[in-house]
Amino acid sequence: MVHARTRSGVPAECAGCRRLSGWCHSRYIRRLADVTLGGRPVRIDLSVRRLYCENAACPKVTFAEQVAGLTVRYQRRTPQLQRLVEDVGVVLAGRGGARMLRILNIRLSRCTVLSQLMRVPLPPLVTPRVLGVDDFTLYGGTLLVDATTRLPLTLWEGRDAEQLSRWLREHPGVEVACRDGSLTYRQGITGGAPDAVQVSDRFHLWQGLSRRVQDIASAHRSCLPAALPPAGKSDPAPGEATAGHRRPGRARPGAGVALRRGCRARAE
């Protein structure tokens, strides 16, 4: 346990108007959890000030001072511990993250790890050079994926060509668009990114080929018997072929009994 105290007389920045104020109202103790030290948990008891805001137009009458790199508003963990919890949550999610943190002697439930994971801001959206467009059948929507990194970009409900065109106009820079054979996606890509090359990915190519082969086989099913070679007279009958091609090394039925009888007669 570490006991600390902020300095008196040092002005602090108001959280509402960002104006400095040194008018102290009172003090209180903030209990912060930090990363483990030598495998042992660390708790910081920090005495901070609550100050008056000297700006009469500010809606905040009082505010609590913050220590850079140590405290965050409405947070009981230090920024270093918070980053550790978020990183473990991103890699292992809730239950696995809680188990890993328990090994590090940090006691958090899986629900807490998941809640901290949901608070992590999404990375900034970068327009991909190769865009994947496909329908998301689970929700009946459209899914956009960066085909290079295989990371999802956005998801919306329905298959709307105008919405796809609007997204492409707002995010210029797409050079290649991978899509299925949908006419809706074709119109949307043509309207939003007319210079982009529209291609099909491997999944839809194999899917289209298999469907085409199945359709052709079904349409010409009556022609298959005519394509078989005619059966000649010299070909053995099915029963004869089976009897004539026995497995090598396998004795015929009754051979073992006759052999035992012959050995017994010699012995007598």
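In this text the structure is predicted, and so the values were computed from the model without any measurement.

Colleague: Talk me through helix α4 (residues 183-192); I want residue IDs and the actual numbers.
Modeller: Considered for burial, the residues of α4 that qualify are Tyr185, Gly188, Ile189 and Gly192. Relative to the axis of α4, the buried residues are bounded by an arc of 95 degrees and lie together on one face. In this fold, the buried residues of α4 make contact with β7 (130-136), β8 (141-146), α3 (161-170), β10 (176-178) and β11 (197-199). One side-chain oxygen of the residue at the start of α4 lies 3.2 Å from the amide nitrogen of Thr184, identifying that residue as Ser182.

Colleague: How would you summarise the sheet that holds strand β9 (residues 151-157) if you had to cite specific residues and measurements?
Modeller: Taking strand neighbours across the sheet as the criterion, the five strands line up as β9-β8-β7-β10-β11 in an open arrangement whose pairing is mixed. Only two strands of the sheet have a single partner each, and these edge strands are β9 and β11. Across this sheet, the average inter-strand angle for adjacent strands is 20 degrees, counted without regard to direction. Where β10 meets β11, three bridges bridge the pair, whose relative direction is parallel. Following the sheet pairing, Cys178 is matched in β11 by Val199. Each of β7, β8, β10 and β11 is contacted by α4, which is oriented at about 145 degrees to β7, the strand it contacts most.

What counts, and where the lines are drawn
- Residues numbered from 1 in each chain as written.
- Predicted model: local features only at pLDDT ≥ 70, side-chain atom pairs only at ≥ 80, totals over all residues.
- Heavy atoms only, no water.
- Buried < 20%, exposed > 50% of the residue type's maximum accessible area, 1.4 Å probe, protein only.
- Helix = DSSP H or I, 4+ residues; strand = E, 2+ residues; numbered from the N terminus.
- Arc of directions from axis to C-beta.
- Contact = heavy atoms within 4.5 Å.
- Polar contact = N/O pair within 3.5 Å; in protein donor to acceptor, adjacent residues only side chain to side chain.
- Pairing = 2+ DSSP bridges.
- Axes fitted to C-alpha atoms, helices over the stretch in contact; angles between N-to-C directions.

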